[in-house]
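Residue-level listing of the chains:
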Amino acid sequence: MPEKLAICLLASEVEPLSKTGGLADVAGALTRYLHGAGHDVRLFTPAYDFIDRVACGAEPLAELTQVPLTLGPYAYEFSVLRGSLARGAPVYLIDCPALYARGSIYTSDPDEHLRFLVLTRAALIACQRLRFAPQIVHCNDWHTAFAPLFLRTVWAAEPLFARARSVLTIHNIGYQGIFPAADVADLGLPAQSLGLLYQPDLSAGRINALRHGILYADTITTVSPTHAREICTDEYGMGLQDSLRTRAAQGEVSGILNGVDYDEWDPRRDRYLPEHYDAGSLGVKAHLKRQLLARRRLDVSPVVPLAGMVSRLAVQKGIELMFDAVPRVLSTRPWVFAVLGSGEPQYEEFFSALEQRFPGRVSYHRGYDDELAHWIEAASDLFLMPSRYEPCGLNQMYSLRYGTVPVVRRTGGLADSVEHYDVASGRGTGVVFNDFDAPALEWALNTALDLYALPAHWERLIRNGMQCDFSWQNQGAQYLELYARLTA
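Caption draft 1: How the structure looks around the overall build of the protein chain. Counting its secondary structure elements, the protein chain contains 17 helices and 18 strands. For 488 residues, the compact-globule formula gives about 23 Å, and the C-alpha radius of gyration of the protein chain, at 23 Å, lands near that figure. Looking at the protein chain residue by residue over its 488 residues, the buried ones come to 60%. Considering only contacts in the protein chain between residues 6 or more positions apart, those separated by 24 or more positions represent 73%. Accessible surface computed for the protein chain: about 18,500 Å², of which carbon and sulfur atoms make up 51%. Taken together, the 44 basic and 55 acidic charged side chains of the protein chain have centroids lying 3 Å from each other.

What follows is the structure in structure tokens.
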């Protein structure tokens, strides 16, 4: 492997600047890991109006101020600010108020595709003006998935990009960046390159950003080995399975499990907790549980098991399995449930109604609260993730480190990171169920509660989980191996 790689990363969200999900965590953590490993990594992301520019030390770059950019009939100007993430990792903010001053990361506005086409084009223009010659251009999800095609067309003759190899990471295949074929001019492709667009989609009147990343990236990754296999199937491919199967046959679809930022998620140093603990001081975890029960007005004895959930409330997350299973188990067994999340109205209404139906036993906080998320991880005995599909998932890995037993469905990264506990051998780190239906979730909940009633097994289960290591030192090295293969 070269001692120092030049890497251009593109992401629509980056923790701690902007975040809706795991993409932000990975973009921030991978950038910090690569920077710490001595590589020249430059991360490009939008300068949303809500970002605290002072906190990240963002300063304008004189050579990248009010740069004109035209896409089809639209003319924009952008500037670039240079800031830093933790440990000095560089981040470059694409400042274009006409597109990013909207109070949120994503919108349902008709120019949503333009917002991220500008991000992608502006990042490559910035590389040119900075005379930065990336060996790897690593794009993420549909928002920047046109970068590989742009490198092959718009910048095909640019010597600076002659050695560049492209990586597309799919964090959530359910979001594909589809816009009308009538807007094809917005891509800004040379006329002779329009034949490279996926013709079946064009004939159907649409352009699919993610599909073009799959077709033209030098390699495609997703965020767990199991999910890399799943997305090539009809069940999980969400209409892209044929393109993915073609690339998989070429050996260019792989899975790298996400890493965990243990500086942020570790009960031994968690900045949100008044007390810290490890596997040798689980009494502190019990004390935190008593505090959270009081704080969330859960009126039960501390010996009653507490289940937690922190999630986007979307169809992906399997919330509908809870509609029957959770009330049944709450009606028949002693346990309490603390939920944090927001999303689709039907799921928010379910948890609100559940809180009213089981007062003192269910607590639902609508929205997102980072401090409460850390408290739920630390104080809970169980953590529920009954996902329909889960490319990777991070909360189950957080839970393992916090001694909170994950109850998960066997899919994607959940299958790769949680092993079902076997009473006979004492091996395993959680409770895993297979079928996507309410009886399977009910079985899993009852199995977890039965294990909780067996103190020796429960302690063994907790300790097994706390020994797991999903650090970026392990996972980041796999990205470096991938980059080395591409640049060899």
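Caption draft 2: Here's a closer look at the sheet that holds strand β18 (residues 431-433). Spatial strand order, β15-β14-β13-β16-β17-β18: 6 strands in an open sheet with parallel pairing. Bordering the open sheet on either side are β15 (362-366) and β18, each of which pairs with just one other strand. Taking each pair of neighbouring strands and ignoring which way they run, the sheet shows an average axis angle of 15°. As judged from the 5 bridges shared by strand β14 (residues 336-343) and β15, these two strands associate in the parallel manner. Note on β15: the bridge partner recorded for A338 is S363. Packing against the sheet, helix α11 (residues 345-357) makes contact with β13 (306-313), β14 and β15, and its axis sits at approximately 145° to β15.

Caption draft 3: Expanded view of the pattern of salt bridges. With the rule as written, the count across this model stands at 28 salt bridges. Across the pair R333 and D450 runs a salt bridge, and its minimum N-O distance is 2.9 Å. Residue R333 is found in the loop between α10 (322-332) and β14, and its partner D450 is found in helix α15 (residues 438-452); the two are separated by 117 residues along the sequence. Taking the relative accessible area as the measure of exposure, R333 reaches 23% and is therefore partly exposed. Several salt bridges converge on common partners, so that one network encompasses D266, R268, R269 and R401.

Caption draft 4: Focus on the environment of G412. Its location among the elements puts G412 in helix α14 (residues 412-417). Judged by relative accessible area, which is 0%, G412 ranks as buried. Along the sequence, G412 and E230 sit 182 residues apart, while their C-alpha atoms lie 7.3 Å from each other. Beyond its immediate sequence surroundings of up to four residues, G412 is in contact with S224, T226, H227, E230, E390 and P391.

Caption draft 5: Examining empty space enclosed by the protein more closely. Taken as a whole and assessed by the stated rule, the structure comprises 2 cavities of 30 Å³ or more. Taken as a whole, the largest cavity encloses approximately 50 Å³ of empty space. Lining the largest cavity we find H113, F116, L117, T120, W142, H143, T144, A145, F146, F179 and A209. Here the lining of the largest cavity gets 4 residues from one element, more than from any other, and that element is helix α3 (residues 112-129). Counted by class, the lining of the largest cavity contains 7 nonpolar, 4 polar and no charged residues. Reported here for the second largest cavity is a volume of approximately 30 Å³.

Caption draft 6: Looking closely at the layout of surface pockets. Roughly 1,200 Å³ of internal volume is contained in the largest pocket. Considering the residues around the largest pocket, the lining is formed by 46 residues, among which T20, G21, G22, R312 and K317 are closest to the centre. Of all the secondary structure elements, the ones that give two or more residues to the lining of the largest pocket are α1 (22-36), β13, β14, β16 (382-385) and α13 (395-401). Here the residues of the lining of the largest pocket are counted per class, giving 20 nonpolar, 17 polar and 9 charged.

Caption draft 7: Quick look at unusual backbone geometry. The step from E15 to P16 runs through a cis peptide bond, and the omega angle for that step is 10°. For R87, which is not glycine, the phi dihedral falls at a positive 60°. Residue placement: R87 occurs in the loop between β5 (74-84) and β6 (90-95). Owing to a relative accessible area of 53%, R87 belongs among the exposed residues under this scheme.

Caption draft 8: Region of interest: the packing of α1 against helix α17 (residues 472-487). As a packed pair, α1 and α17 sit with axes 10 Å apart at the nearest point and diverge in direction by 80°. Overall, the two elements α1 and α17 adopt an arrangement that is roughly perpendicular. Here V26, A29, L30, Y33 and L34 of α1 lie close against α17, whose contacting residues are W472, Q473, G476, A477, Y479, L480 and Y483. Residue composition of the contact of α1 with α17, by class: 10 nonpolar, 2 polar and no charged.

Caption draft 9: Just the side chain of Q475, in detail. With respect to the helices and strands, the residue Q475 is situated in helix α17. Side-chain polar atoms of Q475 contact the backbone oxygen of L257, separated by 2.9 Å. When near neighbours in sequence (up to four residues on either side) are disregarded, Q475 contacts I256, L257, N258, G259 and F470.

Caption draft 10: Structural detail: the side chain of D266. Summarising the element assignment, D266 is placed in the loop between β12 (253-255) and α9 (282-295). Among residues more than four places away in sequence, those in contact with D266 are R401 and Y402.

Caption draft 11: Looking closely at the packing of aromatic side chains. Scanning the model with the defined rule gives 19 aromatic pairs in all. A ring pair is formed by Y74 and Y76, whose centres lie 6.5 Å apart and whose planes are at 25°; its orientation type is stacked. Judged by its relative accessible area of 36%, Y74 falls in the partly exposed class. Ring pairs connect the aromatic residues F323, W335, F337, Y347, F350, F351 and Y364, which therefore count as one cluster. The ring of F150 carries R121 above its face, with NZ or CZ at 4.8 Å from the centroid. Above the ring of Y198, the side-chain terminus of R211 is found at 4.2 Å from the ring centroid.

Caption draft 12: Quick peek at the nonpolar core. By size, the foremost hydrophobic cluster in this structure holds 97 residues, and its most contacted members are L34, F78, L93, F146, I170, L244 and Y483. With 11 residues, the top contributor of residues to this core is α3. Setting aside residues no more than four positions away along its own chain, L34 makes contact with I7, L9, H39, V41, L480 and Y483. With 76 residues, the next largest nonpolar core counts I319, L372, V408 and L461 among its residues.

Reading guide: rules and limits
Residues numbered from 1 in each chain as written. Predicted model: local features only at pLDDT ≥ 70, side-chain atom pairs only at ≥ 80, totals over all residues. Heavy atoms only, no water. Helix = DSSP H or I, 4+ residues; strand = E, 2+ residues; numbered from the N terminus. Rg over C-alpha atoms; globule rule 2.2 N^0.38 Å. Buried < 20%, exposed > 50% of the residue type's maximum accessible area, 1.4 Å probe, protein only. Contact = heavy atoms within 4.5 Å. Areas by Shrake-Rupley, 256 points an atom, 1.4 Å probe, with all protein chains shown as cover. Lys, Arg positive; Asp, Glu negative; His and termini not counted. Charge placed at Lys NZ, Arg CZ, Asp CG, Glu CD. Pairing = 2+ DSSP bridges. Axes fitted to C-alpha atoms, helices over the stretch in contact; angles between N-to-C directions. Salt bridge = Lys/Arg side-chain N within 4 Å of Asp/Glu carboxyl O. 1 Å grid on protein atoms, 1.4 Å probe; cavity = no way out; pocket = protein on both sides within 12 Å on 5 of 7 lines; lining within 4 Å. Points joined across faces, edges and corners; volume = space filled by probe spheres on them. Nonpolar A, V, L, I, M, F, W, Y, C, P; charged D, E, K, R; others polar. Parallel < 35°, antiparallel > 145°, perpendicular 65-115°, else oblique. Polar contact = N/O pair within 3.5 Å; in protein donor to acceptor, adjacent residues only side chain to side chain. Phe/Tyr/Trp six-rings, centres within 6.5 Å; stacked < 30°, edge-to-face > 60°. Lys NZ or Arg CZ within 6 Å of the ring centre and 35° of its normal. Core = buried A, V, L, I, M, F, W, Y, C linked by side-chain atoms within 4.5 Å.

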